[in-house]
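# Overview (structure and organization)
Chain by chain, the residues:
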Amino acid sequence: MKRTPRAFFTLLLASIMLLSLAACFGNSAKLTDNELSEIHRTEQELREKLVGVTWHYEDDPARAIRFDPDGTAEEYMGTIQWIEKYTFAVRYCTYYDMDAKELTSRKKDDVQKYYEYNAVMQYADEDREGKRFTNSLAFDGDTLLLGVHRLVRGVDFIKTMPDGLSVNEALLDRVFYDAENNDYRLFFAEGTGFRCNGVFLDGELLNEEKFYWGTDGDMLYMMIPTRPGGEGPILEEVNGFYLEADGDGYRATDYWNGNVRHFGPPAADDDSANRLIHNYDMLREAVSDWGY
């Protein structure tokens with residue numbers, strides 16, 4: 001029987017519709033229970049690799065973030081006064097409010113094509129409590145890929161002076177000078193110390209501060225008590241340095257960010273240093289009742 005052009009196009013249209021329906025139904029398949037379980041296993045594996053480590057930003061070592069097993073996280077900007085607190089979860093999602101129920105309600109092809117593993121972060125401070133954001137989460141060997149950043153395992157942030165520190169007598173009865181930072185320091189046997197940026201001719205001190213100190217082997221800890229805003233708890237701003245003998249002084253490598261300083265003897269004609277060593281005992285007595 002001879003087909004008319006109209007019949008031919010009707011048959012072609014019907015075929016196209018059937019193929020479209022087949023494709024549509026085929027793409028509407030949902031995740032199986034096994035596929036969903038595999039997603040949750042991977043979430044758990046990523047979480048286990050993430051927690052219990054202080055991750056330092058590869059391009060900014062003074063900035064770091066730590067995820068703890070209890071679901072809390074802290075981001076450090078290199079100072080005790082600037083710590084951002086969060087809660088977190090590891091999820092396979094496209095945005096922060098997706099959960100397992102949502103995964104099972106969407107097309108498998110879309111889930112597998114467009115979704116990724118994320119660290120879902122929620123602010124814990126009073127001003128932004130409850131606000132959330134996500135960072136994609138993956139690992140390249142031992143390197144953490146968090147959003148657009150690469151982070152590596154590093155040292156833990158020091159929030160308070162360690163216990164059991166000793167006094168290194170080689171640091172006593174002298175002035176140490178860091179020329180790059182114009183920083184003078186005196187160390188006293190009681191575990192207190194004095195620093196300033198110089199002494200004027202009339203004896204006035206420039207940016208004087210009291211600090212506490214102690215050593216553990218080659219590690220020198222120095223802490224300045226601080227109370228931001230003049231109220232609330234007293235915070236311990238702790239800095240740690242690995243000391244290596246360098247002539248009559250020390251090469252001091254910052255524990256937190258790896259920066260190197262040099263604590264050495266000042267020049268013989270350094271008036272500020274001479275005034276400080278002349279008043280060593282007086283300053284030692286003064287700082288005992290000074291500040292926090």
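Fair warning: this is a prediction, and the values are worked out from it, not measured in the lab.

## Some thoughts on the environment of Ala29
The residue Ala29 is located in the loop between helix 1 (5-27) and helix 2 (33-50) in this model. In contact with Ala29, other than residues within four places in its own chain, are Arg106, Lys107 and Lys108.

## Looking at helix 6 (residues 280-288)
For helix 6, every residue scored as buried is listed here: Tyr280, Leu283 and Val287. All buried residues of helix 6 lie within an arc of 65° about the axis, which places them on one face of the element. Residues Asp281, Met282 and Glu285 are exposed on helix 6 and point more than 90 degrees away from its buried face. Elements that come into contact with the buried residues of helix 6 comprise strand 10 (183-187), strand 11 (192-196), strand 12 (209-216) and helix 5 (271-278).

## Some points on the packing of aromatic side chains
By the definition in use, this model includes 19 aromatic pairs. Relative to Phe88, the ring of Phe67 has its centre 5.0 Å away and its plane inclined at 75°; by these criteria the two rings are edge-to-face. With Phe67 in strand 2 (residues 60-67) and Phe88 in strand 4 (residues 83-93), the pair connects residues that are 21 residues apart, well separated along the chain. Judged by centre distance (6.1 Å) and plane angle (45°), the ring pair of Phe176 and Tyr250 falls under tilted. Of this pair, Phe176 sits in strand 9 (residues 175-178) while Tyr250 is found in strand 15 (residues 249-254), placing the two residues 74 residues apart along the sequence. Of the two residues, Phe176 and Tyr250, neither departs from the other in class, the shared state being buried.

## Some words on the pattern of salt bridges
Going through the model one piece at a time under the given rule, you end up with 16 salt bridges. Of the charged contacts, one joins Lys85 and Glu74 as a salt bridge, the two residues approaching to 2.5 Å between their closest N and O atoms. Taken together, the positions of Lys85 in strand 4 and Glu74 in strand 3 (residues 72-76) put the pair eleven residues apart, joining distant regions of the chain. When its relative accessible area of 43% is taken as the criterion, Lys85 is described as partly exposed. Two residues, Asp183 and Arg261, come together in a salt bridge whose shortest N-O distance is 3.6 Å. Placement of the pair is Asp183 in strand 10 and Arg261 in strand 16 (residues 260-263), with a sequence separation of 78 residues. Classification of Asp183 by relative accessible area gives buried; the value is 3%. Relative accessible area serves as the criterion here: at 18%, Arg261 is assigned to the buried category. Overlapping salt bridges, with partners in common, bring together Asp178, Asp183, Arg185, Arg195, Glu209 and Arg261 in one network.

Analysis parameters
Residues numbered from 1 in each chain as written. Predicted model: local features only at pLDDT ≥ 70, side-chain atom pairs only at ≥ 80, totals over all residues. Heavy atoms only, no water. Helix = DSSP H or I, 4+ residues; strand = E, 2+ residues; numbered from the N terminus. Contact = heavy atoms within 4.5 Å. Buried < 20%, exposed > 50% of the residue type's maximum accessible area, 1.4 Å probe, protein only. Arc of directions from axis to C-beta. Phe/Tyr/Trp six-rings, centres within 6.5 Å; stacked < 30°, edge-to-face > 60°. Salt bridge = Lys/Arg side-chain N within 4 Å of Asp/Glu carboxyl O.

Nothing here speaks to function; it is all geometry.
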